[in-house]
Amino acid sequence: MSRISECFANLKADGQTALIPYVTAGDPEPWVTVPLLHALVDAGADIIELGVPFSDPMSDGPVIQKACERALKNDVTLQHVLDMVRQFRDKNKTTPIVLMGYDNPIEAMGYAVFAEKAAEAGVDGVLTVDSPPEESSVLRQELDKYEIDSIYLVAPTTSAERMQRIASFAKGFIYYVSIKGVTGTAALDVSEVRGKLAQLRQYTDLPLGVGFGIRDGQSAAAVSEIADAVVIGSTLVRCIEEHEKRPEALPAAVAGLLAEMRHAINARDLASA
Amino acid sequence: MPELKFTDYFKSYPDKEGHFGPYGGRFVGETLMGAIYELEEAYEQYRNDPQFIAEMDKDLADFVGRPSPVYFAENWTKKLGGAQIYLKREDLNHTGAHKVNNTIGQALLAKRMGKTRIIAETGAGQHGVATATVAARLGLECIVYMGAEDVQRQAQNVYRMKLLGAEVVPVQSGAKTLKDALNEALRDWVTNVDNTFYIIGTVAGPHPYPAMVRDFQAVIGREAKNQMLNATGKLPDALVACIGGGSNAIGLFYPFIEDESVAMYGVEGAGHGIESGQHSAPLCAGTPGVLHGNRTYLMQNKAGQITATHSISAGLDYPGVGPEHAWLKDIGRANYVCVTDDEALEAFHELTRTEGIIPALETSHALAYVKKLAPTMSSDQTILVNVSGRGDKDMHTVAAMAGLSF
Ligand SMILES: Cc1ncc(COP(=O)(O)O)c(C=O)c1O
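Predicted model only: the values in this text are computed from it and were never measured.

Digging into the overall build of chain B
Looking only at helices and strands, chain B has 17 helices and 14 strands in total. In terms of C-alpha radius of gyration, chain B reaches 19 Å, essentially the compact-globule figure of 22 Å for 406 residues. Here the C-alpha coordinates of chain B stretch approximately 55 × 50 × 50 Å along the principal axes. Taking all 406 residues of chain B together, 64% fall into the buried category. Of the contacts formed within chain B by residues at least 6 apart in sequence, a portion of 74% connects residues at least 24 apart. Of the accessible surface of chain B, which amounts to about 14,000 Å², a share of 51% is contributed by carbon and sulfur atoms. Of the charged side chains in chain B, 36 are positive and 47 negative; the average position of the first set lies 2 Å away from that of the second.

Shown next, in the form of structure tokens:
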């Protein structure tokens, strides 16, 4: 069983919803990332989505675009990101890490080389935003060799037929994009998401995560009622941006924000238990 | 050289998933997958629909002014002393460039698909103007994304778009040029996918755009083939066109691909010189990768980050290139070369003075290569060069090079 599947199995047994923070690796400075990841785990992160910076993040809104720009100012490469994961794994052997990003940096390293290095570093899942299942069969085969999960997106515009197809390729969990739009730009509509998740569950037994439109404890708690995982991205990245000039204070501040979400979700999980 | 066989080309490329060999494809976020399948379906339905074709042909004739002439550049031919040079006059189209061939087609498609809002990206502003023009005519809302840097250097086209009723959005991210405008247009499309049609201006983007834009631009090559046969009794020996994303080049090349005697030259912008790193020549100096929905040659660093480009002409200032050109390069069917800003400027002035035709700076890159190629060929051979646009929009840039401003 992969570290991701194990994580979800344990949470399910406890009646809990997974909390997944997203941060861009190397933002605003490379040394911040590993301490930040540990702080996020301490604040209640169950899985971590670590963004691989890319020069042209066309599925991201301004908040994560700027995070990529900050990281790239320091020339943070995919290799550096893998080094950060390895360093994180020195102290933490249990929290799954999913790399999230775009195809090109992975292609530039080479799919096979990347898969091997990612496995060595302790990566558990890979989500390439601009590479749907149809285009990622080669990468998927390489990741399969090391039992790294290929995570795929489902969107509000995904047809039932595509849902079925995506479900047949997905591993670990399926990530439902809760808004039509780029990251961090709109708030989600819970009842709409509920309907889509119900439809998606007809085609898969995998856990379902929801992200893109969750901004505060209230929306996190509302989503935790219908999803197996709640992904928080732009809200945390905005907090990182605010601490650009005071990076030493940043891990605690971002972790504090995540802890609020954790409390809101736990309160909801308890209420429904 | 082994004998090359390209006679199965038309039926082989792209494949059903939009691949030209390893290039092309559909590399977009899941939210857009539904929209690009919807577009592909509509395009497949209408491309062979007699009513659609008739409506498009009528627009191309009465609104654009097609067919554009093929003109024998006698003075320039004498001056260069070699092959006979023929110009395909896309500069005479309504709005001043080849771009309108494509926007006519895509806008008619948008209307049939019931889309009420048009978005586009633009570099030089020619595609933006061509899009704003068709949107005005069809009464569609039109938003054009343009890099803030390009808004500066193509101010006149910005004003034209505004006159036509389009909203021009300056893009402040990244290098503030064409690639960033494309990113922003894609972000808009994801956000407004239900009512919005994205008119991409070149043979880039996810499938079906590279094939669809090529088909709309192929009218250039179809016309030119007949015109050359009428004028000279034979096919041209060489075709030359500039390459930004590659739409005017593929439009000229495509109908000739299976005619193996016809050599093809795509000319990229070498900017300040390839060795300076400041250029926009992915086919000459780049490596394959994935950007803006397809796999193709890109200007990128070793870590897979897209690098900054430079060209004197905004329309060539793009780090990628249409995937079909990547494939034509790999299979050896077309040759890809590049010329510097200075060489392009020199050719700009030379055509203006010898033939009384002021070309666009993009086009001037193709002309600069003709200056190198023609003298190496004999006087019974012919070169057909695509004059993709006229130079009106570049008066500011050219004047500034001479230390003048208006
Ligand atoms: C006159 C002209 N020629 C060429 C180009 C380059 O585009 P493409 O390579 O798609 O023909 C442009 C783009 O703006 C243009 O305006």
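As for the pairing of strand β2 (residues 48-51) of chain A
Residue and element names in this part refer to chain A. Side chains Ile-48 and Leu-50 project from β2 onto one buried face, and the interleaved Glu-49 and Gly-51 project onto a second face that is buried too. Alignment of strand β1 (residues 18-24) against β2, held across three bridges, turns out to be parallel. Bridge pairing in β2 places Val-23 opposite Leu-50. Since β1 and β2 lie parallel, the crossover through helix α2 (residues 33-42) that links them has a hand, and here it is right-handed.

Focus: the packing of helix α6 (residues 111-121) of chain A against helix α7 (residues 137-145) of chain A
Angle between the axes and distance between the axes are the two parameters that describe a pair of packed helices. Residues and elements named next belong to chain A. One can describe the packing of α6 onto α7 by two numbers: an axis separation of 9 Å at closest approach and a directional angle of 35°. Crossing angle aside, the handedness with which α6 passes α7 is right-handed. Contact residues: α6 offers Tyr-111, Ala-112, Phe-114 and Ala-115, while α7 offers Val-138, Leu-139, Glu-142 and Leu-143. Grouping the constituent residues of the contact of α6 with α7 by class yields seven nonpolar, no polar and one charged.

Concerning the site of the ligand
All names here are of chain B. In the vicinity of the ligand, 17 residues are found, and the nearest of them are Thr-202, Gly-244, Gly-246, Ser-247 and Ser-388. Lys-99 is positioned such that a nitrogen or oxygen atom in its side chain is 3.1 Å from an oxygen atom of the ligand. Within the backbone of Gly-246, a nitrogen or oxygen atom sits 2.7 Å from an oxygen atom of the ligand. Relative to its unbound accessible surface of 390 Å², the ligand loses 97% to contact with the protein. Assessed atom by atom at 2 Å from the grid points, the ligand resides in the largest cavity. Classifying every residue of the shell around the ligand gives four nonpolar, 11 polar and two charged. Both of domain 1 (20-61 + 99-209) and domain 2 (65-96 + 218-402) provide at least three residues apiece to the shell around the ligand.

Conventions and cut-offs
Residues numbered from 1 in each chain as written. Chains lettered and ligands numbered in written order. Predicted model: local features only at pLDDT ≥ 70, side-chain atom pairs only at ≥ 80, totals over all residues. Heavy atoms only, no water. Helix = DSSP H or I, 4+ residues; strand = E, 2+ residues; numbered from the N terminus. Rg over C-alpha atoms; globule rule 2.2 N^0.38 Å. Buried < 20%, exposed > 50% of the residue type's maximum accessible area, 1.4 Å probe, protein only. Contact = heavy atoms within 4.5 Å. Areas by Shrake-Rupley, 256 points an atom, 1.4 Å probe, with all protein chains shown as cover. Lys, Arg positive; Asp, Glu negative; His and termini not counted. Charge placed at Lys NZ, Arg CZ, Asp CG, Glu CD. Pairing = 2+ DSSP bridges. Right-handed = clockwise from strand over helix to strand, strands pointing away. Axes fitted to C-alpha atoms, helices over the stretch in contact; angles between N-to-C directions. Left-handed = near helix turned anticlockwise from the far one by under 90°. Nonpolar A, V, L, I, M, F, W, Y, C, P; charged D, E, K, R; others polar. Near = heavy atom within 4 Å. Polar contact = N/O pair within 3.5 Å; in protein donor to acceptor, adjacent residues only side chain to side chain. 1 Å grid on protein atoms, 1.4 Å probe; cavity = no way out; pocket = protein on both sides within 12 Å on 5 of 7 lines; lining within 4 Å. Sits in = over half its atoms within 2 Å of the grid points. Domains from an automatic or database assignment.

So far we have only geometry, and geometry alone does not tell us how the molecule works.
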